[in-house]
Amino acid sequence: MSTVFAAAVRERAGQAWQELQAARDADDAHAVLVAEAEWEDARRLAQAYGIVIDQGCPDPRWEAEA
């Protein structure tokens, strides 16, 4: 796996995490649902390729799988 790919996955996850936090701060239910889906997808992709993501875990399920 290339380090460029890993960096791109981390960037995507970081952006998804920021969007999720912003949606929660704005108390926008629809934006939270969209952002959670993107965050979960980015996490699954990272996990599939063994890429460590530095952002926190908004869902306890991720902590159990990590």
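Source: prediction; values computed, not measured.

Engineer: Please give an account of the packing of aromatic side chains that cites residues and values.
Structural biologist: In this structure the tally under the stated criterion is 2 aromatic pairs. A centroid spacing of 5.1 Å and a plane angle of 75 degrees characterise the contact between Phe 5 and Tyr 49, whose relative ring orientation is edge-to-face. Here Phe 5, found in helix H1 (residues 3–25), pairs with Tyr 49, found in the loop between helix H2 (29–48) and helix H3 (60–65); they are 44 residues apart in sequence, far enough to count as distant. According to the relative accessible area criterion, Phe 5 is partly exposed, its value standing at 31%. Its relative accessible area of 47% is what places Tyr 49 among the partly exposed residues. With a centroid separation of 5.0 Å and 50 degrees between ring planes, the pair formed by Trp 17 and Trp 39 is classed as tilted.

Engineer: Help me get a handle on the environment of Gln 18, residues and values and all.
Structural biologist: The topology assignment puts Gln 18 in helix H1. Between the alpha carbons of Gln 18 and Ala 35 there is a distance of 8.9 Å; along the sequence they are 17 residues apart.

Engineer: How would you summarise the packing of H1 against H2 if you had to cite specific residues and measurements?
Structural biologist: Running from amino to carboxyl end, H1 crosses H2 at an angle of 155 degrees, the nearest separation of the two axes being 8 Å. Relative to H2, H1 is oriented roughly antiparallel. Two packed elements cross with a definite hand, and for H1 against H2 that hand is left-handed. Each of Phe 5, Val 9, Arg 12, Ala 13, Ala 16, Trp 17, Glu 19, Leu 20, Ala 23 and Arg 24 in H1 lies in contact with H2, whose residues at this interface are Ala 31, Val 32, Ala 35, Glu 36, Glu 38, Trp 39, Asp 41, Ala 42, Leu 45 and Ala 46. Taken together, the residues of the contact of H1 with H2 break down into 14 nonpolar, no polar and 6 charged.

Analysis parameters
Residues numbered from 1 in each chain as written. Predicted model: local features only at pLDDT ≥ 70, side-chain atom pairs only at ≥ 80, totals over all residues. Heavy atoms only, no water. Phe/Tyr/Trp six-rings, centres within 6.5 Å; stacked < 30°, edge-to-face > 60°. Helix = DSSP H or I, 4+ residues; strand = E, 2+ residues; numbered from the N terminus. Buried < 20%, exposed > 50% of the residue type's maximum accessible area, 1.4 Å probe, protein only. Axes fitted to C-alpha atoms, helices over the stretch in contact; angles between N-to-C directions. Parallel < 35°, antiparallel > 145°, perpendicular 65-115°, else oblique. Left-handed = near helix turned anticlockwise from the far one by under 90°. Contact = heavy atoms within 4.5 Å. Nonpolar A, V, L, I, M, F, W, Y, C, P; charged D, E, K, R; others polar.

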